[in-house]
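Spelled out from the first residue to the last, the chains are:
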Amino acid sequence: MTEDLLYSGTDWNFQIIRNCYDAIEEIAEKELGLDVFSNRIEIITSEQMLDVYTSSGMPLGYRHWSYGKRFVSHENAYRKGLMGLAYEVVINSDPCISYLMEENTATMQALVIAHAAFGHNHFFKNNRLFQEWTEPSQILNYLEFARGYIARCEEIHGVRAVERVLDAAHALQGQGVHRHSGTRRVDLRAEQERARERRAWEDQSYNDLWRTLPLSAEESSGGTNPADLSARRQLGLPEENILYFLEKHGPRLASWEREIIRIVRLIAQYFHPQPQLKLMNEGCATWVHDEIMSCLHKKGKIDDAAFMEALHSTSNVINQPGFDQGSASFNPYALGFAIMKDIARIATAPSEEDRLWFPDIAGNNQPLETLRHAWAEYRDESFIRQFLSPKVIRDFRMFRLEDDAAQSYFLVDAIHDDAGYRDIRRVLADSYDPSNWSVGLEIVHADMQGSRTLHLEHRTSSGRLLHDKDAALTLSALADLWGYQVSLKEVDMESGATLGLRESSPE
Amino acid sequence: MDIIDRRSNPHGKNMENRRRALERARSAVQQAVRDAVSQGKIRQVGEGNSVSIPADALHEPTFHVVFTSGIRHLVLSGNKEFVKGDRLRRPPSGGGKGDSGQGEAGDEGGGEDSYRFLLNRDEFLDLFFGDLELPDLVKREILTTDSTSPSRAGLSSDGSPSQLDLARTMRYSMARRIGLGRPKSAELLEVEARIQELESKESLTDIALDELSGLQEQRIRLRQRMTRIPWVDPVDLRFRRYAQVPKPSTRAVMFCIMDVSGSMTERMKDLAKQFFLLLHIFLEKRYTRVDLVFIRHAESAEEVDEETFFNDPRTGGTVVSSALEEVIKVQKARYPAQQWNIYVAQASDGDNSLSDTSRTADLLENGILPVVQYYAYIEVTGSGAIIRGETDLWRSYGTVASRCPRLAMRRVSDRREIFPVFRDLFSPRENAGGGVMS
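It should be emphasised that the depicted structure is a prediction, and the values quoted were computed from it without experimental measurement.

(A) Representation of the overall build of chain A within the structure. Within chain A, the secondary structure is distributed over 22 helices and 10 strands. The buried share of chain A, taken over its 507 residues, is 55%. Sequence-distant contacts, at least 24 apart, represent 73% of the contacts inside chain A between residues at least 6 apart. Working note: accessible area of chain A is about 21900 Å², and carbon and sulfur atoms make up 49% of it.

(B) The arrangement of the overall build of chain B in detail. The helix and strand inventory of chain B stands at 13 helices and 14 strands. Among the 438 residues that make up chain B, the fraction classed as buried is 41%. Partitioning the contacts of chain B with sequence separation of at least 6, the portion at a separation of at least 24 is 82%.

(C) Up close: the packing of aromatic side chains. Considering all chains together, one arrives at 21 aromatic pairs over all chains under this definition. Ring geometry for B:F255 versus B:Y335: centroids 6.1 Å apart, planes at 90°, classification edge-to-face. With a gap of 80 residues between them, B:F255 in strand β9 (residues 252-259) and B:Y335 in the loop between α9 (320-334) and β12 (341-348) connect regions that are remote in the sequence. B:Y335 carries the same exposure label as B:F255, and that label is buried. Taken together, a centroid distance of 6.4 Å and an interplanar angle of 80° make the contact between B:Y375 and B:Y397 edge-to-face. On the criterion of sequence distance, the pair formed by B:Y375 in strand β13 (residues 374-380) and B:Y397 in helix α12 (residues 392-403) is long-range, its members being 22 residues apart. With respect to class, B:Y375 is no different from B:Y397; both count as buried. Three or more aromatic residues link up through ring pairs in this structure, and these residues are B:Y375, B:Y377, B:W394 and B:Y397. The ring of A:Y484 is capped by A:R252, whose NZ or CZ atom sits 4.7 Å from the centre of that ring. In this structure, B:R411 packs its charged tip against the face of B:W394, placed 4.2 Å from the ring centre.

(D) Structural detail: the packing of helix α1 (residues 14-31) of chain A against helix α13 (residues 278-298) of chain A. All names here are of chain A. Interaxial distance between α1 and α13 falls to 10 Å at its minimum, and their mutual angle equals 110°. By the angle between their directions, the pair α1 and α13 is classed as roughly perpendicular. Remark: the crossing between α1 and α13 carries right-handed chirality. Only I292, C295 and L296 of α13 make contact with α1, whose side of the interface consists of A23, I24, I27, A28 and E31. Across the contact of α1 with α13, the residue classes break down as seven nonpolar, no polar and one charged.

(E) Quick look at the pairing of β12(B). Residues and elements named next belong to chain B. The buried count for β12 comes to eight of eight residues, which makes it a mostly enclosed element. Side chains N341, Y343, A345 and A347 of β12 all project onto a buried face; the interleaved residues I342, V344, Q346 and S348 project onto the opposite face, where all are buried too. Pairing of β12 with β13, which is carried by six bridges, proceeds in the parallel orientation. Residue pairing in the sheet places A345 in a bridge with A376 of β13. Considered for its hand, the β-α-β crossover made up of β12, helix α10 (residues 357-368) and β13 is right-handed.

(F) Spotlight on the confidence of the model for chain A. On average, residues of chain A score 85 in pLDDT, and 91% of them are at 70 or above. Confidence drops under pLDDT 50 across residues 218-230 of chain A; counting only partners more than four residues distant or on other chains, this segment forms 22 contacts.

(G) Up close: the interface of chain A and chain B. If you look at the interface, chain A gives 91 residues, while chain B gives 61 residues. For the pair chain A and chain B, the summed buried surface comes to about 7500 Å²; carbon and sulfur atoms form 56% of the total. Of all residues in chain A, A:W65, A:K69 and A:D403 bury the most surface against chain B, accounting for 10% of the area lost on that side. Across the contact surface, chain A and chain B share nine salt bridges. At the junction of chain A and chain B, the tally comes to 39 residue pairs in polar contact (both at pLDDT 80 or more).

(H) Spotlight on the nonpolar core. All names here are of chain A. In terms of nonpolar packing, the biggest core is built from 84 residues, with F118, L335, W375, F383 and M398 touching the most fellow members. Examining the composition of this core, we find that 12 residues originate from one element, helix α4 (residues 106-126), more than from any other. Viewed by domain, this core spans two of them, domain 1 (2-134 + 275-310) and domain 2 (320-436), each represented by three or more residues. Look past the residues within four positions of L335 in its chain and what remains in contact with it is L279, F330, I384, L388, V392, F396, M398, L428 and Y432. Within the second largest apolar cluster, 63 residues are counted, among which are V165, V439, L454 and Y484.

(I) Fine view of the sheet that holds β9(B). Residues and elements named next belong to chain B. Strand order in the open sheet formed by six strands is β11-β10-β9-β12-β13-β14, and the pairing between neighbours is mixed. Since the sheet does not close on itself, it has two edges, and those belong to β11 (301-304) and β14 (407-412), each with one partner. The mean inter-strand angle of the sheet, taken between neighbouring strand axes irrespective of direction, is 20°. Bridging between β9 and β12 involves seven bridges; their strand directions are parallel.

(J) Summary view of the pattern of salt bridges. With the rule as written, the count across this model stands at 51 salt bridges over all chains. One salt bridge in this structure joins A:D403 and B:R72, with 3.0 Å as the shortest N-O distance. On the criterion of chain membership, the pair formed by A:D403 in strand β4 (residues 399-404) and B:R72 in strand β4 (residues 71-76) is interchain, its members lying in two chains. On the basis of relative accessible area, B:R72 is assigned to the buried category, the value being 12%. Among the ionic contacts, a cluster of salt bridges with common partners joins A:R379, A:E381, A:R385, A:D430 and A:D433.

(K) Main features of the packing of α13(A) against helix α17 (residues 367-377) of chain A. Residue and element names in this part refer to chain A. Look at α13 against α17: their axes get within 11 Å of each other, and the N-to-C directions meet at 150°. The pairing of α13 with α17 is recorded here as roughly antiparallel in orientation. By crossing handedness, the relation of α13 to α17 is classed as left-handed. Where α13 abuts α17, its residues M280, C284, W287 and V288 lie against L368, L371, A374 and W375. Considered class by class, the residues forming the contact of α13 with α17 number eight nonpolar, no polar and no charged.

(L) Structural context of the sheet that holds strand β10 (residues 498-504) of chain A. Residue and element names in this part refer to chain A. Read from one edge of the open sheet, four strands run β6-β7-β9-β10, paired in mixed fashion. The sheet is open, and its two borders are formed by β6 (441-446) and β10, each paired with just one other strand. This sheet shows a mean twist of 20° between the axes of neighbouring strands, independent of strand direction. Contacts from helix α11 (residues 242-249) reach β6 and β7 (454-460) within the one sheet, and its direction differs from that of β6 by about 30°. Against the sheet, helix α22 (residues 468-482) contacts β6, β7, β9 (486-492) and β10, and its axis sits at roughly 50° relative to β10.

(M) The environment of A:A28, seen in detail. All names here are of chain A. Examined against the element boundaries, A28 turns out to sit in helix α1. Separated by 264 residues in the primary sequence, A28 and I292 have C-alpha atoms spaced 7.2 Å apart. Those residues within four positions of A28 in sequence are excluded, and the remaining contacts are G33, L34, F118 and I292.

(N) Summary view of the confidence of the model for chain B. Residue and element names in this part refer to chain B. Looking at chain B, pLDDT values average 76 and 79% of them are 70 or higher. Taken as a whole, residues 94-112 scores under 50 in pLDDT and shows 25 contacts with residues more than four places along the chain or in a different chain. Note that residues 430-438 has pLDDT below 50 and, in this model, 12 contacts with residues that lie over four places away or in other chains.

(O) Broad picture of helix α7 (residues 159-171) of chain A. In this model α7(A) runs 18 Å from its N-terminal to its C-terminal C-alpha over 13 residues, within 8% of the 18 Å that 1.5 Å per residue would give. All of the buried residues in α7(A) are A:V162, A:E163, A:V165, A:L166, A:D167, A:A168, A:A169, A:H170 and A:A171. Each element contacted by the buried residues of α7(A) is listed here: α3 (65-80), α6 (139-157), α11, α12 (255-271) and α22 of chain A together with α1 (15-24) of chain B.

(P) Structural view of unusual backbone geometry. Residue and element names in this part refer to chain A. D94 connects to P95 through a cis peptide bond whose omega is 5°. Looking at the element boundaries, P95 is found in the loop between β2 (88-91) and β3 (96-101). For R397, which is not glycine, the phi dihedral falls at a positive 50°. Among the secondary structure elements, R397 is positioned in the loop between α19 (390-396) and β4. Given the relative accessible area of 37%, R397 is considered partly exposed. The residue R452 is not glycine, and still its phi comes out positive at about 65°. Mapped onto the elements, R452 comes out in the loop between β6 and β7.

The rules behind each value
Residues numbered from 1 in each chain as written. Chains lettered and ligands numbered in written order. Predicted model: local features only at pLDDT ≥ 70, side-chain atom pairs only at ≥ 80, totals over all residues. Heavy atoms only, no water. Helix = DSSP H or I, 4+ residues; strand = E, 2+ residues; numbered from the N terminus. Buried < 20%, exposed > 50% of the residue type's maximum accessible area, 1.4 Å probe, protein only. Contact = heavy atoms within 4.5 Å. Areas by Shrake-Rupley, 256 points an atom, 1.4 Å probe, with all protein chains shown as cover. Phe/Tyr/Trp six-rings, centres within 6.5 Å; stacked < 30°, edge-to-face > 60°. Lys NZ or Arg CZ within 6 Å of the ring centre and 35° of its normal. Axes fitted to C-alpha atoms, helices over the stretch in contact; angles between N-to-C directions. Parallel < 35°, antiparallel > 145°, perpendicular 65-115°, else oblique. Left-handed = near helix turned anticlockwise from the far one by under 90°. Nonpolar A, V, L, I, M, F, W, Y, C, P; charged D, E, K, R; others polar. Pairing = 2+ DSSP bridges. Right-handed = clockwise from strand over helix to strand, strands pointing away. pLDDT = per-residue confidence, 0-100. Buried area = accessible area lost by both parts, 1.4 Å probe. Salt bridge = Lys/Arg side-chain N within 4 Å of Asp/Glu carboxyl O. Polar contact = N/O pair within 3.5 Å; in protein donor to acceptor, adjacent residues only side chain to side chain. Core = buried A, V, L, I, M, F, W, Y, C linked by side-chain atoms within 4.5 Å. Domains from an automatic or database assignment. Expected span 1.5 Å × (residues − 1).

Structure, rendered in structure tokens:
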């Protein structure tokens, strides 16, 4: 059998990687039926891995001090040994780029190819949320455009001026997505064209003569935005996407500043689905690599030592420390993997309980179809709500706490028993619901006729107010971009009572 | 599938971002650097260091919600013993610690209370010395040294081919071609095509024959003109011209004088050495053409090299004037005042043999001060300094200083004071107009 082995020992070379890739591809396509973007595998050093971390996995990004800060903290953690580097990083792009660390052993390279180039890749390509929100074929081009555009702005307007806009736009990044409207996917290539055309038009239509005309009273008092004259409804209020609103209606912004805000907004949008899909994405990739490595071993393509190493690595990744071991949240790899394993089990060897809980999939003997359907159609929140089974709840020994701030204790109000399964599942699913962690902030009114004050509303309840100091800083960043006074009212969702009011004026 | 080996790609992608982060936190980092120096050993200043700054300086605010009151539920794992209805003591730090639930504790959460920067030597020194200047570095004489540097100086009509300015050459060429009316090759081709067309016909009418001969004449004319007026003529050629510009440079010399006599305790010598070390690094960093002369003295003075000056112990009595004589001797021999800017820094405990003090003041006022730009005297004092009051040397120097502003005097009694005193001596003066740096 040894002549069938893809490699032996720990060293790898490019031929081994290629052979592994081919063997894995065969399994992924023929046996697991995965559908992936074409792959590109890049080998990088640990230093380059730190760079990749800094830019959220992207191979390029515009220059900004915040990336320097991230780089320094990653670098320090790494140098002190607090943080190990990931074995791989994968980018949702087409072709799908996987970065592999040069330090990995041959087994680890095979494992991360299965994990990233097939597991994550399949998920990126097929999950509905990714399909709706991101444009994988164009993201790299767009990032390149963004980098070039911002560098040019720095040349023309100075680093300080650009930094001011970027700082403020970054602060409002969380408010840069149209969560609820239909327009999601943006044609990023058309974006570059649009910016180019706009610039070309400005260059063509520039006539120095106009500069010599005396300003009208209206113009000299502020902006020349046509929105000045339009009614509130024309502003499209209320608007949750603050960056979008600034870009379209900010009275004092120059066109390049609008473009920068747009760049920050579109990149934020690209990353928008990721936190909603972390659990499923990692679960899917782990499940796929686990399956593929077992399959390679079964076929005699890797030896026992390599398979043990793969198992060891997998079990490290899916380790879930208990609440008393300092872990207040679930390891997405562990929970995602466990639920997916469980789905496969329910489909092939269901118990009575499973038939009761999952009548539509129990015993259908189609584990792959069931999983692929789940990977495509769900996000973390709905996935847990739908598929978290009593068995996984028991395996993780989950329990629910009631945290009443008025009490000096936490109350255990559900554990892994018949009475508690549904409560636990509902609350766990809620905690993955983005509406639970994002801030419900809206622009409700902009007084374009008078003082040009921008009015924002945060709909919340009395115990959940904005972080005081951060809110003040962010609001002043907003005021800086808006150019006039900004006010933010915190309103109780149910009673409509005002819970707090902040104001900020540009400096 | 492609496999790409990126390992040899250019490294340091984030260096610019890191530099910007450093720039943004500049004042905080600067404070941290100075704290580090005042606590640590200065000998290591030049080697770069790591400093921690508070996270505030690089904070990125966002809108986010904090849970303070009301009821919320959490699901945790790893239940071993609880049953429904159990109560858990709230952890002491607990309460509204978690921001808005789970799921996002990763990136922003832990470890953001301070940032560590590993600074290299240049960054460290840049931050450390920040805004300091060498006082009154008046350019006495610009020496045309051997070093010159090429500098763009317009265009010339001859030069080496590698310096050909293609765009300009072609511009001239085009202007000349238009001006002299060189026929375009398209024009010639058109005529030739027509001729060929006519010639290929078997029989030609008279009109066509006339046209043909006319065209043939035109063809000859065009060809002649094209050969007479070349595409690119030597008169079109333009070359970038470089002129060798001599680099002006000012020369400066710094004399460092230190008392190493018996009355200087190790601690005091240490203070003095720290002062000179700062000075040394500062000068090394800021000026490329500064000579340093190290003179140490007890009852007699000698010029020593840097290593001996800082590291070699020696004791004895104190005759300050011997050091000043040494300064004058070295200055006369090697550093003529017309060509050099001369600075002197002296560190002493203020002790001097009684008979020598007036001679020292005299040497200082008449021998040294007339030729120097700046004379900094620091007096290091022991812990009992307050009781001792003014020393002889201090008093006599004080008299001189009142007549001559080029003499600056400061006292240092503690390690922490070194840097403030140093800054004080070398912070830019309002009236330092005309100062020129090399």
